[in-house]
Amino acid sequence: MNNSINIEEIINHWLSTSEKDYKTMMNLYNSKDYHWSLFIGHIVIERLIKAMVVKETNNHAPFTHDLRRLAKLSQIEFSNEHFVWLDTITTFNLNARYDSYKQAFYNKCTLDFTAKWVSNIKELRQWIKVKL
């Protein structure tokens, strides 16, 4: 265990910020800002997985947005379907952030597409929280 950091404090930070981001994701979804809702949805999942990484490794989570990489470090046994979801959700971070992808991602984020992925994010969120 790394005694120079407060593990519980770091885990609580990731959990509390994920909760705030979840509310933001839902507010953006309800206001029809679909692409930003999915971008924040990525952060919701990222923060939860980082909490698990800290819990399992007793050290800081790495500086990455790659959910599959974080998931492997978390030692949670994700299903193949969840890994596929994590790969797709990771793209929401890139697609909403970088100009070369923004317009195509914006056009992709219809109500149906976003509703499906918000639902998947909610399911993953609950599943990960049970593991914590």
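Scroll up a little and you will see the structure.
The sections below set out a description of the structure shown in this document. Worth saying up front: this structure is predicted, and the values here are computed from it rather than measured.

**A short note on the overall build of the chain**
Move 1: Along the backbone of the chain there are six helices and zero strands.
Move 2: Computed over its C-alpha atoms, the radius of gyration of the chain comes to 15 Å, within 12% of the 14 Å expected for a compact globule of 132 residues.
Move 3: Looking at the chain as a whole, 47% of its 132 residues qualify as buried.
Move 4: Accessible surface, the chain: about 7300 Å² in total, of which carbon and sulfur atoms supply 50%.
Move 5: Counting 17 positive and 14 negative side-chain charges, the chain places the centres of these two groups 2 Å from one another.

**So, unusual backbone geometry**
Among all residues except glycine, the phi angle is most often negative; among peptide bonds, the trans geometry is most common.
Move 1: Positive phi values are uncommon outside glycine, yet Asn58 reaches one of about 55°.
Move 2: Counting through the fold element by element, Asn58 comes out in the loop between α2 (34-57) and α3 (67-74).
Move 3: In the Ramachandran plot, Gln75 falls in the positive-phi region, its phi being about 65° despite a non-glycine side chain.
Move 4: Inspection of the secondary structure puts Gln75 in the loop between α3 and α4 (80-97).

**Things to note about the side chain of Ser74**
Move 1: Here Ser74 lies in helix α3.
Move 2: Separated by 3.2 Å, the side chain of Ser74 and the backbone nitrogen of Ile76 make a polar contact.
Move 3: Not counting the four nearest positions on each side in its chain, Ser74 is found in contact with Ile49, Met52, Val53 and Glu56.

**Some remarks on the packing of helix α1 (residues 7-30) against helix α6 (residues 111-131)**
Move 1: Viewed as axis vectors pointing N to C, α1 and α6 meet at an angle of 160°, and their least axial separation amounts to 12 Å. The pairing of α1 with α6 is recorded here as roughly antiparallel in orientation. For the crossing formed where α1 meets α6, the hand is left-handed. Note on element contacts: α6 touches α1 through Leu111, Thr114, Ala115, Val118, Ile121, Lys122, Arg125 and Lys129, opposite Glu19, Tyr22, Met25, Met26 and Tyr29.
Move 2: In terms of residue class, the contact of α1 with α6 is made up of eight nonpolar, one polar and four charged.

**Let's talk about the pattern of salt bridges**
In a structure, side chains of opposite charge can pair up when their charged atoms sit close to one another.
Move 1: Tallied over the full model, the rule gives five salt bridges.
Move 2: Between Glu19 and Arg125 there is a salt bridge, with the nearest N and O atoms lying 2.8 Å from each other. Note that Glu19 is positioned in helix α1 and Arg125 in helix α6, a separation of 106 residues in sequence.
Move 3: Looking at Glu19, the relative accessible area reads 26%, which means it is partly exposed.
Move 4: Among the ionic contacts, a cluster of salt bridges with common partners joins Glu19, Arg125 and Lys129.

**Regarding a nonpolar patch on the surface**
Move 1: Taken together, the side chains of Leu94, Tyr98 and Tyr101 present a nonpolar region at the surface, about 300 Å² in accessible area.
Move 2: Relative to the helices and strands, Tyr98 resides in the loop between α4 and α5 (99-108).
Move 3: What makes Tyr98 partly exposed here is its relative accessible area of 41%.

**A word on the packing of aromatic side chains**
Move 1: Summed over the entire model, instances satisfying the criterion amount to seven aromatic pairs.
Move 2: Between Phe78 and Trp127 the ring centres are 5.0 Å apart and the planes differ by 55°, which places this aromatic pair in the tilted class. Of this pair, Phe78 sits in the loop between α3 and α4 while Trp127 sits in helix α6; the two residues are 49 residues apart in sequence, bridging distant segments of the chain.
Move 3: A ring pair is formed by Phe92 and Phe105, whose centres lie 5.6 Å apart and whose planes are at 35°; its orientation type is tilted. Here the residue Phe92 occupies a position in helix α4, and Phe105 occupies one in helix α5, the gap between them amounting to 13 residues. Comparing Phe92 with Phe105, the two get one shared label, buried.
Move 4: A network of ring pairs unites the aromatic residues Phe92, Phe105, Phe113 and Trp117 as a single cluster.
Move 5: Note that Arg125 overlies the ring of Tyr22, its terminal NZ or CZ placed 3.6 Å from the centroid.

Calculation criteria
Residues numbered from 1 in each chain as written. Predicted model: local features only at pLDDT ≥ 70, side-chain atom pairs only at ≥ 80, totals over all residues. Heavy atoms only, no water. Helix = DSSP H or I, 4+ residues; strand = E, 2+ residues; numbered from the N terminus. Rg over C-alpha atoms; globule rule 2.2 N^0.38 Å. Buried < 20%, exposed > 50% of the residue type's maximum accessible area, 1.4 Å probe, protein only. Areas by Shrake-Rupley, 256 points an atom, 1.4 Å probe, with all protein chains shown as cover. Lys, Arg positive; Asp, Glu negative; His and termini not counted. Charge placed at Lys NZ, Arg CZ, Asp CG, Glu CD. Polar contact = N/O pair within 3.5 Å; in protein donor to acceptor, adjacent residues only side chain to side chain. Contact = heavy atoms within 4.5 Å. Axes fitted to C-alpha atoms, helices over the stretch in contact; angles between N-to-C directions. Parallel < 35°, antiparallel > 145°, perpendicular 65-115°, else oblique. Left-handed = near helix turned anticlockwise from the far one by under 90°. Nonpolar A, V, L, I, M, F, W, Y, C, P; charged D, E, K, R; others polar. Salt bridge = Lys/Arg side-chain N within 4 Å of Asp/Glu carboxyl O. Patch = residues over 30% accessible without salt bridge, like charges linked within 9 Å, V, L, I, M, F, W, Y side chains within 5 Å. Phe/Tyr/Trp six-rings, centres within 6.5 Å; stacked < 30°, edge-to-face > 60°. Lys NZ or Arg CZ within 6 Å of the ring centre and 35° of its normal.

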